[in-house]
Amino acid sequence: MRDGSPSSQAAPADDVTERLGYRLKRAAAALRGAMDGALREHRLTVPQYACLELLDQRPGLSNAELARGAFVTRQSMNVVLRGLQDAGLITRPATTDRGRALPAHLTEEGHRRLAAARSVVYAIDQRMTDAVPERRLAELLADLDHMAAALEG
């Protein structure tokens, strides 16, 4: 039902490719594939890029905060952070005075690599945005936010 109340029974799909979830997953997979290819040229993965973007916006985020922001598990973020640290793109203290969180910060090389990768990622985002008529973009973005909220809450 489109009135906001859950339907008592989901309609069976004659063609699963016509379902909203399938279409969202297809778009997400296309985005991920385009980003994987573009970021490979910058020696970054999508989670590494997301981590660099988050740290550029909010330096000092913890592993848990970065994991939430990059849509990966804490364990996966540990691997991402180790790789970024080994590549000299971030720094983290060996220990901390408070709690267990080890705040991460971009290095100068991290800032340089992010700036170079950002342009290709933003170009991909623009290609996707350009595929939506401008008059419908705000509504689509709001709909996507509503869908996420419906499933998160």
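Scroll up to find the structure.
This is a predicted model, so every value here is computed, not measured. (Residues numbered from 1 in each chain as written. Predicted model: local features only at pLDDT ≥ 70, side-chain atom pairs only at ≥ 80, totals over all residues. Heavy atoms only, no water.)

A. Layout of the side chain of asparagine 63. Inspection of the secondary structure assignment puts asparagine 63 in helix α3 (residues 63-70). Given the relative accessible area of 17%, asparagine 63 is considered buried. Not counting the four nearest positions on each side in its chain, asparagine 63 is found in contact with Arg74, Met77, Asn78 and Leu81. (Helix = DSSP H or I, 4+ residues; strand = E, 2+ residues; numbered from the N terminus. Buried < 20%, exposed > 50% of the residue type's maximum accessible area, 1.4 Å probe, protein only. Contact = heavy atoms within 4.5 Å.)

B. How the structure looks around the packing of α3 against helix α4 (residues 74-86). Orientation of α3 relative to α4, taken along the N-to-C sense of each, is 105 degrees, at an axis distance of 9 Å. Judged by the angle between their axes, α3 and α4 are roughly perpendicular. Contacts between α3 and α4 involve Asn63, Ala64, Leu66, Ala67, Arg68 and Ala70 from the former and Arg74, Met77, Asn78 and Leu81 from the latter. (Axes fitted to C-alpha atoms, helices over the stretch in contact; angles between N-to-C directions. Parallel < 35°, antiparallel > 145°, perpendicular 65-115°, else oblique.)

C. Layout of the layout of surface pockets. Space inside the largest pocket adds up to approximately 1800 Å³. Taken together, 35 residues form the lining of the largest pocket, with Ala28, Leu31, Asp125, Met128 and Leu144 sitting closest to its centre. Counting residues per element, the ones that place at least two in the lining of the largest pocket are α1 (20-40), α2 (46-57), α3, α5 (108-130) and α6 (134-152). Per-class residue counts for the lining of the largest pocket are 25 nonpolar, 3 polar and 7 charged. (1 Å grid on protein atoms, 1.4 Å probe; cavity = no way out; pocket = protein on both sides within 12 Å on 5 of 7 lines; lining within 4 Å. Points joined across faces, edges and corners; volume = space filled by probe spheres on them. Nonpolar A, V, L, I, M, F, W, Y, C, P; charged D, E, K, R; others polar.)

D. View of α3. Every buried residue belonging to α3 is among Asn63, Ala64, Leu66, Ala67 and Ala70, and all of these are buried. Each buried residue of α3 sits inside an arc of 165 degrees when the element is viewed along its axis, so together they form one side. Against α2 and α4 lie the buried residues of α3. Two residues or fewer after α3 comes phenylalanine 71, characterised by a positive phi angle close to 60 degrees. (Arc of directions from axis to C-beta.)

E. A look at a nonpolar patch on the surface. On the surface, a nonpolar cluster with roughly 400 Å² of combined accessible area is contributed by Leu20, Leu24, Leu140, Leu141 and Leu144. Looking at the nonpolar patch, the elements that each hand over two or more residues are α1 and α6. If one sorts the elements of the nonpolar patch by residue count, α6 sits on top with 3 residues. For leucine 24, the position within the fold is in helix α1. (Patch = residues over 30% accessible without salt bridge, like charges linked within 9 Å, V, L, I, M, F, W, Y side chains within 5 Å. Areas by Shrake-Rupley, 256 points an atom, 1.4 Å probe, with all protein chains shown as cover. Salt bridge = Lys/Arg side-chain N within 4 Å of Asp/Glu carboxyl O.)

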